[in-house]
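Each chain, written out:
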Amino acid sequence: MRAIASQLRKTVCLPKSGDGLLCQWIVSVSRQLTTYFLVYGFSIVCGLCIGPGFCLANTPLAAADESATRERRYHEFSEQRLQLQEALNADLDAVERWCLERQLNDAQRQVSELRATLKFDSKSPRPPRLAQSPVAESLPVEEQQWQLQVLHHRTERAKEMYAKARSALRAGFPSLAYAMIGDVLQMDPDHKLARSILGQQLFRDPLRKDDAAYAGEWVSSFEAEKRSGGKPHIYDSRFGWIPASTLARYEQGLRPWKGDWVSVSKEAELRRDFRNAWVVESEHFLVRTNVGLEEGVRLTEQLELFYDWLQQNFAAFFETPETMKERFEEATTKRIKRRQSAPLEVHYFASRDEYNRRLQGKIPANRETNGLYWQPDRTCYFFRSEHGADLTTLYHEATHLILDVHTDDDRRKAARARALKLKQKSPEDWGLCERSNFWIVEGLACYFESFESTEDGISVGDPSYVRFDTARQRLLEPDVFFYMPSRQFFALGKDGFQKHPNISQLYTQASGMVHFLMHYKDGVYRDDFVELLSQVYRPNLKDILKEPSLIDITGVTGDELDRQYREHMKDLEEQVLRNASRSGTESSGTEFSGTETRGIVEPIRSGTGDAP
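Residues numbered from 1 in each chain as written. Predicted model: local features only at pLDDT ≥ 70, side-chain atom pairs only at ≥ 80, totals over all residues. Heavy atoms only, no water.

**Student:** Report on empty space enclosed by the protein, specifying residues and quantitative values.
**Tutor:** Summed over the entire model, instances satisfying the criterion amount to one cavity of 30 Å³ or more. Around the largest cavity, the lining residues are Ala471, Arg474, Leu475, Phe482, Tyr483, Gln505, Thr508, Gln509 and Tyr565. For the lining of the largest cavity, the secondary structure elements donating two or more residues are helix H17 (466–476) and helix H20 (503–519). For the lining of the largest cavity, the class distribution of residues is five nonpolar, three polar and one charged. (1 Å grid on protein atoms, 1.4 Å probe; cavity = no way out; pocket = protein on both sides within 12 Å on 5 of 7 lines; lining within 4 Å. Points joined across faces, edges and corners; volume = space filled by probe spheres on them. Helix = DSSP H or I, 4+ residues; strand = E, 2+ residues; numbered from the N terminus. Nonpolar A, V, L, I, M, F, W, Y, C, P; charged D, E, K, R; others polar.)

Now the structure itself:
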């Protein structure tokens, strides 16, 4: 007891008052604590730890309490977000009534149309490129008044939403914070700080300097650089980025070839050989193809949309918590410096035969694939089918490409740290998910096969998509039932997963598990999922031998995750049935074909494999 007293005095800086007296005090406090523990069933949080290793913060009960608190905080922010969305709708409704009272029918129609375009969901359209012009003073007074009212409500609600986004980030919900930034730009498309966070700046085209209605455009620094300087480029949806001075020749059907100009038909003949393929470059991608220039441009557009969506919705993966906070705290209207990095390369072949021929040695002779990400050369490969470009394959392989290249340096550092820890002579390549968590690599790529961009916006995770529909069937329908308990499932490494006799079912479960973590209860686990993804691709150098754990990150037991997964799948079943009822169709209930393989094959350092 005296030893405890002496140690306690050192720990809490108590004055010397006699060890005997202090011992009596400890005994007294211990009796009181014992009473409290008996009454409250060990539910109190005690800052006094007597005895080595005794700390309530590490008990399952405390972890569950922490998880419940986090879930409550998440829903509080989500509710506040919804309230601000509804508040803006009510504001605009009041302006609409104001217009009706004054018989401003055209104004009332415009406000009504504006309310209809404000979407705060996964299909929210991209904010407009063009900056809004100020309300013209030459307009009639009532016309100015209703426009100023709308402008006031939109800017004020956007300020409130921006403040909530900052609070959500500080509370540890980066995905929700970035979703709120999307809301800010729905409310006020010219919110400079929100635009800056997304890497956009206001650009005024010198060619439109005499246009009084032109207030500028919100563009990336890449685009601003392209359109500036002594030889400005323009973007054309048919030709991609070309020097502005060459547009007339392109329109005439001429194409550049080795310092000269040739006809479109001659160029097509020359570029049929993939060694002379078209090269289409965008901000983040470089597409080589012998299919056609226009189709290559369309692919870069789809890839850039996908990349932008990933950057915004998986922000915590692409940036550390510190850099994310800096992005919020230091968002300015100054010129944004573009990060210089090599473009991500995609090869798009005119036929399957050419694809197979070009990839000999990368794909086993007895295996058929629709696409491939080959990590050694950091390139995606796929081909034009009879129906055109298979975008599901493109998004699947692009997921592997983007995540792998973005974090490759982190894994090199991890390999060196592991070699130092294990006293190895030289570092071995870091195999992605060799010992556990392999499901997340392919599960996420399969999830993004459902990525879809339309005029209405972007959607991902459609419950009726074959990957998720099959996952639902395999859990809920007895004749095709397959489900591996989550704790066992998470523990599978690369070999255990790829060589499992039920590999097709594992891929399906991985797809369903990602959907669950992204969408369950409006995304309550989304940030936890992104945190696990970050730990998988960016190993912790301070604890290099520890395997990342979703159960540790969430503070939720495997049994509870299994229960919630089943609950989510039942909810998906209801959604599919409701959607089928509305459209007058039946759920296909089709199993995902094992012949539609895609992915990475051996030998691969990044550790991903064919997706049955």
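**Student:** Tell me what's going on with helix H21 (residues 526–537), and back it up with residues and numbers.
**Tutor:** A rise of 1.5 Å per residue sets the reference length of H21, with its 12 residues, at 16 Å; its end C-alpha atoms lie 17 Å apart and thus fit the reference within 8%. Burial runs high along H21: nine of the 12 residues are buried. Three or more residues of H21 are buried, namely Asp527, Asp528, Phe529, Val530, Leu532, Leu533, Ser534, Val536 and Tyr537. (Expected span 1.5 Å × (residues − 1). Buried < 20%, exposed > 50% of the residue type's maximum accessible area, 1.4 Å probe, protein only.)

**Student:** An account of the side chain of Arg418 is needed here, citing residue identities and associated values.
**Tutor:** Relative to the helices and strands, Arg418 resides in helix H15 (residues 391–422). Glu434 is the oppositely charged side chain nearest to the buried, salt-bridge-free Arg418, at an N-O distance of 4.7 Å. The residues contacting Arg418, other than those within four sequence positions of it, are Glu428, Asp429, Trp430, Ile544 and Leu545. (Lys, Arg positive; Asp, Glu negative; His and termini not counted. Salt bridge = Lys/Arg side-chain N within 4 Å of Asp/Glu carboxyl O. Contact = heavy atoms within 4.5 Å.)

**Student:** With reference to specific residues and values, describe the pattern of salt bridges.
**Tutor:** Taken as a whole and judged by the stated rule, the model has 40 salt bridges. Note that Arg129 is salt-bridged to Glu217, the shortest N-O span being 3.1 Å. In this pair, Arg129 is assigned in the loop between helix H4 (105–117) and helix H5 (141–170) and Glu217 in strand S2 (residues 217–220), connecting sequence segments 88 residues apart. Of the charged contacts, one joins Arg238 and Glu251 as a salt bridge, the two residues approaching to 2.7 Å between their closest N and O atoms. With a gap of 13 residues between them, Arg238 in the loop between strand S3 (233–236) and strand S4 (240–243) and Glu251 in helix H9 (residues 247–251) connect regions that are remote in the sequence. What you see here is one network of salt bridges that share partners, running through Arg129, Asp205, Glu217, Glu223 and Arg227.

**Student:** Pulling in residues and values, what's your account of H20?
**Tutor:** Spanning 17 residues, H20 covers 24 Å between terminal C-alpha atoms, matching the ideal 24 Å at 1.5 Å per step. The element H20 is extensively covered by neighbouring structure, given that 14 of its 17 residues are classed as buried. Positive backbone phi, approximately 50°, marks Lys521, located one or two places after H20.

**Student:** Explain unusual backbone geometry residue by residue, including any values.
**Tutor:** Residue Lys258 is not a glycine yet carries a positive backbone phi of 50°. By secondary structure assignment, the location of Lys258 is in the loop between strand S5 (254–257) and strand S6 (260–263). Its relative accessible area of 72% is what places Lys258 among the exposed residues. Of note in this structure, Lys521 is not a glycine but carries a positive phi near 50°. One can find Lys521 in the loop between H20 and H21.

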